[in-house]
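Summary of the model geometry
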Amino acid sequence: LPFAAVLMFSVAAVTTAWAQEKSKAADPLTAYSQGDFATAEKSWRETLTAAPTDWIARHNLSLTLAQQDRAGEAAAQAAAAFVQSPRNPSVHWHLGPAFQKAGFSPAPLASFVQPGPVQESAAYASPAEWQRALVLAAVLMAVAFALWLLRAYGWKSALVHPSAITLLTLSVLLAVAAFLGQRAYGLTADARAVIAWRTGTLRSIPTEADTTQKTTALPAGSVALAEKTFLGWIRLTFENGQTGWVRKEDVVPLWR
């Protein structure tokens, strides 16, 4: 029995140590610091598969791809990290160098690299946060009108009218700020937005076998909306109304 106990303890200790070493090796930050960029990339991609709006994983994946000289995809991931968390200083700073190294700047985000007053204001919140601000503005406006309705039905408190005026004013100001803030991001504010991280071909039908179909060059950095998928292809719709199919691996979704 003592021998069996010692044997079991030894096996448990070795197993625990092995599990700890394996967990440490699988940690993407550890892998990145050790120069194992392929392992770090794989881990952060797995994180994004489960949580596409994890901007920290997006930012770290961008840095990892840049270390592997995959500048185009790194810039697209940097753009995704930025639209999800524009206030973060590291994410904001990384945007310009990533675009410069990739050789393209997505049109909706190019002005954020050297922002003017509108872009600086918009960068206080992400498009998703501006959308929530619009909802809050609508709620405040509804409360203001509800107070006036109560006053019309006999609630004679002296605070009703001033409170309604204040809430209505705040709701209008918030709505205007949220509308302008979200609009500054252009198509990248849409949950369906994707960025082409490399130059590709936009096709009229989702196949490469038909050589008679209409094709158009798709420049790297193009921003579009992913409307539907089909067997590894994505149908894109652009701001000018143009549509076409590209390979799924040619684009990086910003939110999904």
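See above for the structure.
Described below are features of the structure shown in this document. None of these values were measured; they are calculated from a predicted model.

1. Some thoughts on the nonpolar core
Residues Phe82, Val83, Leu109, Phe112, Tyr185 and Leu254 are the most contacted members of the largest nonpolar core, which totals 33 residues. In contact with phenylalanine 82, not counting residues within four places along its chain, are Val91, His92, Leu95, Leu109, Phe112 and Tyr185. If you look at the next biggest cluster of nonpolar residues, it comprises eleven residues, including Val194, Leu202, Leu236 and Phe238.

2. Considerations on helix H5 (residues 71–84)
Side chains of residues three or four places apart in an α-helix project in the same direction, reflecting 3.6 residues per turn. The first and last C-alpha atoms of H5 sit 20 Å apart over 14 residues, in line with the 20 Å expected at 1.5 Å per residue. Burial analysis of H5 places 14 of its 14 residues in the buried class, which makes it a mostly covered element.

3. Comments concerning the side chain of arginine 203
Mapping arginine 203 onto the fold places it in strand S2 (residues 200–203). Here arginine 203 sits buried without a salt bridge, and the closest side chain of opposite charge, glutamate 208, lies 4.4 Å off (N-O distance).

4. Brief notes about the packing of aromatic side chains
Under the defined criterion, the tally for this structure stands at six aromatic pairs. Taking 4.9 Å as the distance between ring centres and 20° as the angle between the ring planes, the aromatic pair formed by phenylalanine 112 and tyrosine 185 counts as stacked. Of the two residues, phenylalanine 112 sits in helix H7 (residues 107–113) while tyrosine 185 sits in the loop between helix H10 (160–184) and strand S1 (193–196), which places them 73 residues apart along the sequence. No difference in accessibility class separates phenylalanine 112 from tyrosine 185, as the two residues are buried.

5. Quick word on the layout of surface pockets
There is about 500 Å³ of room inside the largest pocket. Lining of the largest pocket is provided by 22 residues; of these, Lys248, Val251, Val252, Pro253 and Arg256 occupy positions nearest its centre. Secondary-structure elements contributing two or more residues to the lining of the largest pocket are helix H3 (37–50), helix H4 (55–67), H5, S1, strand S4 (223–230) and strand S7 (251–253). For the lining of the largest pocket, the per-class residue count stands at twelve nonpolar, three polar and seven charged.

About the thresholds
All residue numbers here refer to positions counted from 1 along the written sequence of the relevant chain. Under the rules for a predicted model, residues below a pLDDT of 70 receive no local features and side-chain atom pairs below 80 are neither given nor counted, while totals for whole chains, interfaces and linings still include all residues. By convention in this description, side-chain values take in all heavy atoms of the structure and omit both hydrogens and water. Nonpolar core, defined: a set of buried Ala, Val, Leu, Ile, Met, Phe, Trp, Tyr and Cys residues in which side-chain atoms within 4.5 Å join the residues together. Relative accessibility decides the category of a residue: with a 1.4 Å probe and only protein chains considered, values under 20% of the type maximum give buried, values over 50% give exposed, and everything between is partly exposed. Contact between two residues is taken to exist if any of their heavy atoms lie within 4.5 Å; hydrogens are not considered. Secondary structure elements are taken from DSSP: a helix is a run of H or I of four residues or more, a strand is a run of E of two residues or more, and numbering for both begins at the N terminus. Expected span, for any helix, means 1.5 Å times one less than how many residues it has. Under the counting rule used here, the positive set is Lys and Arg, the negative set is Asp and Glu, and His together with the chain ends is not counted. In what follows, salt bridge is the name for a side-chain nitrogen of Lys or Arg lying within 4 Å of a carboxyl oxygen of Asp or Glu. Pairing of aromatic rings covers Phe, Tyr and Trp, the last counted by its six-membered ring, and requires centre-to-centre distances within 6.5 Å; plane angles under 30 degrees mean stacked, over 60 mean edge-to-face, and any other angle means tilted. A pocket, in this scheme, is an open set of points on a 1 Å grid over the protein atoms alone with protein on both sides within 12 Å along at least 5 of 7 lines, while a cavity is a set where a 1.4 Å probe fits but cannot get out; residues line either one if an atom lies within 4 Å of a point. Grid points are joined across faces, edges and corners, and a volume is the space filled by probe spheres set on the points. Each residue receives one of three labels: charged for Asp, Glu, Lys and Arg, nonpolar for Ala, Val, Leu, Ile, Met, Phe, Trp, Tyr, Cys and Pro, and polar for the others, Gly being one of them.

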